[in-house]
Each structure stands twice: as structure tokens, then as C-alpha cells.
Amino acid sequence: MKKFTLAAVCLLCLAGCQNDNKKAGWSKARTEMEAQAQVCLKDARAALERADYTTARAKVEEIRSQYNLALNAREEAILFMDSVDMRQATQELQRVNQLIHTQPENQDSLKAAADELSQKIKFYLRKLEHDKKNRQEH
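My aim in this report is to walk through the structure given alongside it, one point at a time. The shown structure was predicted, so the numbers you read here are calculated from the model rather than taken from an experiment.

**Concerning the nonpolar core**
A general trend in soluble globular proteins is that nonpolar side chains are found buried together.
Right, so step 1: In this structure, A37, L41, I63, Y67, A70, F80 and V84 are the most contacted members of the largest nonpolar core, which totals 18 residues.
Right, so step 2: Among the elements of the structure, α1 (2-49), α2 (53-66) and α3 (71-102) are those that each provide at least two residues to this core.
Right, so step 3: The biggest single contributor to this core is α1, with 7 residues.
Right, so step 4: Among residues more than four places away in sequence, those in contact with F80 are L41, A44, R45, L48, A56 and V60.
Right, so step 5: Counting 12 residues, the second largest nonpolar core, distinct from the first, contains L79, M86, L110 and Y124.

Okay, here's the thing in C-alpha cells:
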């Protein structure tokens, strides 16, 4: 009976050591992915400053598809994507407002587009606030 108990304790200790090693491996992988994803976020922010929305979105998509363990970077990417969408809608609204003044013959359709873009901006503002409130640290 003592041999069985001793063997069971040894097996539990061995299993515990293997779990710690696995967690350490995941922690290292996660740390590496977080660092790589942060580089992608930096590139995405630079693209947004250039008003290169396609590249900014592509970088966020890269984070989503390639860095599944980078949980904090993925949370930041959600907020960032809201900002990209809002900034693009704002830029489009400015362009439409300029066209309203320069193309009076298309004023009705341009005003409808401006109203739609205004609603889009309001939506992204609310979404950004919601996502900020519900952001989690991992």
C-alpha cells in the first residue's frame, strides 16, 4: 500500500511539473506573439496616420489571423479598428460636404450620403465607447 501511495504521489508531482513546463512554453509563445502583434499595431497606426485604411485593416487582420495568443494586442486591435472605421467615415463625410457646395445639381443624393455617413460616425463613436468600457487585460 505504501508503494502504491508513493508511486501515486510521484506521478502527481511528475504531472504537475509537466503542466508547469507547458504553461511556461505557452507563456513564452504568448509573450513573443504579443511583441509581434504590437509591431503590427504600430504599423497599422502609421498607416492610419497616412490615411492608408487598406493597410491599417490588413495589419489588424494579420493580428487576428496570425497572433491568436496575443490577447492584449487583439483587444487593442478591436479598438483600433473602430478608430479606422470612424476616421474613414469622417474623411468621406468631409469630401461629401465639399461636393455638396461644388455640385448643387447633385445636392439631394449628396445630402442623403452625408446623412448616412453621419449615422455611421455616430455608430462608431458609440461602438468605440462600448469597446473601451468592456476592454479586458489578459
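**Examining the environment of K120**
Right, so step 1: Tracing the backbone shows K120 in helix α4 (residues 107-133).
Right, so step 2: By relative accessible area, which is 37% here, K120 ends up partly exposed.
Right, so step 3: Along the backbone, K120 and A89 are 31 residues apart, and their C-alpha atoms lie at a distance of 6.9 Å.

**Some remarks on the packing of aromatic side chains**
Both the distance between ring centres and the angle between the ring planes are used here to describe each pair of aromatic rings.
Right, so step 1: Scanning the model with the defined rule gives 1 aromatic pair in all.
Right, so step 2: With a centroid separation of 5.2 Å and an interplanar angle of 65°, the aromatic rings of F123 and Y124 are classed as edge-to-face.
Right, so step 3: For Y124, a relative accessible area of 15% translates into the label buried.

**Examining the pattern of salt bridges**
Where charged atoms of side chains with opposite charge meet at close range, the side chains can pair.
Right, so step 1: All chains considered together, the criterion is met by 10 salt bridges.
Right, so step 2: One salt bridge connects K59 with E62, and the closest N-O pair in it is separated by 3.6 Å. Within this pair, K59 and its partner E62 are both found in helix α2, separated by 3 residues, close to a single helical turn.
Right, so step 3: Judged by relative accessible area, K59 falls into the partly exposed class, the value being 21%.
Right, so step 4: Among the charged side chains, a salt-bridge network with shared partners connects D43, K59 and E62.

Calculation notes
Counting restarts for each chain: residues are numbered from 1 in the order of the written sequence. Where local features are concerned, this predicted model is filtered to residues with pLDDT of at least 70; where side-chain atom pairs are given and counted, the filter is 80 or more; whole-chain, interface and lining totals use all residues. Hydrogens and waters are ignored; side-chain quantities use all the structure's heavy atoms. Residues enter a nonpolar core if they are buried and are Ala, Val, Leu, Ile, Met, Phe, Trp, Tyr or Cys, with the set joined through side-chain atoms within 4.5 Å. The rule is simple: take the accessible area with a 1.4 Å probe, protein chains only, and divide by the maximum for that residue type; under 20% is buried, over 50% is exposed, in between is partly exposed. Secondary structure follows DSSP: runs of H or I at least 4 residues long count as helices, runs of E at least 2 residues long count as strands, and numbering of each begins at the N terminus. The contact definition used throughout considers only heavy atoms, calling two residues in contact when any of these lie within 4.5 Å. Only centres within 6.5 Å qualify two rings of Phe, Tyr or Trp (six-membered ring in Trp) as a pair; their planes then separate them into stacked at under 30 degrees, edge-to-face at over 60, and tilted for everything else. For salt bridges, the criterion is a side-chain nitrogen of Lys or Arg within 4 Å of an Asp or Glu carboxyl oxygen.

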